[in-house]
Amino acid sequence: HEYNANFVDGLVENDSYGHYVGALAEKWESNADATEFTFKLREGVNWVDFEGNVVAEVTAEDFVTGLRHASEFGSDVSWLVDGLIKNYYEYEMGQVAWEEVGVEAVDKYTVKYTLEYAAPYFYTFGAYNILMPINKEFLESKGEGCKLGAPDKTTCTFGAVEASSILYNGGYILNTFDPKSQITLVANENYWDAEHVYIQNVKLIYTDGSDQYAAIKGFEEGTYVSASLNAAWADFDAYKEKYANNYYVTLPNPTNFYIMFNFNRTNYGHTTKTTAAEKENTTAAML
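Residues numbered from 1 in each chain as written. Predicted model: local features only at pLDDT ≥ 70, side-chain atom pairs only at ≥ 80, totals over all residues. Heavy atoms only, no water.

Participant: Whenever I open this one, helix H2 (residues 60–72) confuses me. Can you help?
Facilitator: Think of an α-helix as turning once every 3.6 residues; residues three or four places apart then point the same way. A rise of 1.5 Å per residue sets the reference length of H2, with its 13 residues, at 18 Å; its end C-alpha atoms lie 19 Å apart and thus fit the reference within 8%. The buried fraction of H2 is high, at 12 of 13 residues. Buried within H2 are the following residues: Ala-60, Asp-62, Phe-63, Val-64, Thr-65, Gly-66, Leu-67, Arg-68, His-69, Ala-70, Ser-71 and Glu-72. The positive-phi residue at the C-terminal boundary of H2 is Gly-74, with phi of around 70 degrees. (Helix = DSSP H or I, 4+ residues; strand = E, 2+ residues; numbered from the N terminus. Expected span 1.5 Å × (residues − 1). Buried < 20%, exposed > 50% of the residue type's maximum accessible area, 1.4 Å probe, protein only.)

Participant: Please clarify how the sheet that holds strand S9 (residues 172–178) should be interpreted in this entry.
Facilitator: Strand pairing within a sheet occurs via backbone hydrogen bonds; the two strands may be parallel or antiparallel. On the basis of which strands lie adjacent, the open sheet formed by 3 strands has the order S9-S10-S11 and antiparallel pairing. Strands with a single pairing partner mark the edges of an open sheet, and in this sheet they are S9 and strand S11 (201–205). Strand-to-strand twist in this sheet, taken as the mean axis angle between neighbours without regard to direction, amounts to 15 degrees. Two strands pair when backbone bridges link them, and strand S10 (residues 182–187) and S11 are joined in this way by 5 bridges, in the antiparallel orientation. Bridge pairing in S11 links Leu-185 to Val-202. (Pairing = 2+ DSSP bridges. Axes fitted to C-alpha atoms, helices over the stretch in contact; angles between N-to-C directions.)

Participant: I tried to follow the pattern of salt bridges on my own but got confused; where do I start?
Facilitator: Between side chains of opposite charge, a pair can form as their charged atoms come close. Taken as a whole, this structure holds 5 salt bridges when the rule is applied. Two residues, Lys-108 and Glu-57, come together in a salt bridge whose shortest N-O distance is 3.3 Å. In this pair, Lys-108 sits in the loop between strand S7 (103–107) and strand S8 (110–114) while Glu-57 sits in strand S6 (residues 54–57), placing the two residues 51 residues apart along the sequence. Judged by its relative accessible area of 23%, Glu-57 falls in the partly exposed class. Across the salt bridge formed by Glu-220 and Lys-242, the nearest N and O atoms sit 2.7 Å from each other. In this pair, Glu-220 sits in helix H5 (residues 214–220) while Lys-242 sits in helix H6 (residues 236–242), placing the two residues 22 residues apart along the sequence. (Salt bridge = Lys/Arg side-chain N within 4 Å of Asp/Glu carboxyl O.)

This is the structure:
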């Protein structure tokens, strides 16, 4: 998600306090019963390619394309809007034409969503990638299978793991991507809010975790701007003393973990159980 947030802006975003504020939408409003939401877009926001060249302006039609792409290419978060955006689920099921789905480019800078029921919170969905824009001309240039209305993932390279596979309208552009070495991002000079992008270059360096001291070594060599001290180190206290005035204790992890058994298991494909007896023993053990 942190890459989505830096490469492509959506309708709204969260400020530093978690409040929803406009990103590509300057303002938005709903009708009286919150079944229609209309977003007014900023004018002059540009799409750029991976080299920073301006390709096109971001328009309302890009949000229509983005939602249609999500539906036709099987977005993993379609469940967010299934049954909420009018006829979105029905389109996925092949029951209605795309023109019956509740999204419309009212004019060049106005996009409207029509909902199945009242949802006063719908504007917050503008921060999710399923409502992010996609430039149709660029999308359909990435292979025959990228054509809207005739999707084929095997012949569509849009969104592939390479810098040239998408257009950018966010604060950063993917510069290099070598997951076993480093990933680098550069600030988008044509970003609509460039004055508030304070870091011009971001470098993420890969480590396989085999050296527990890799981060602190990199920090001490000037490669990293920060590093974690590991309480499991035998010399942890020595590092605490060395950086006594410069380290802080992180907040506790708020995550909960749980295990839930499937007591009616029928699929053993990801286990070592192959014989009927082994499967019966597994069921007996669980019960």
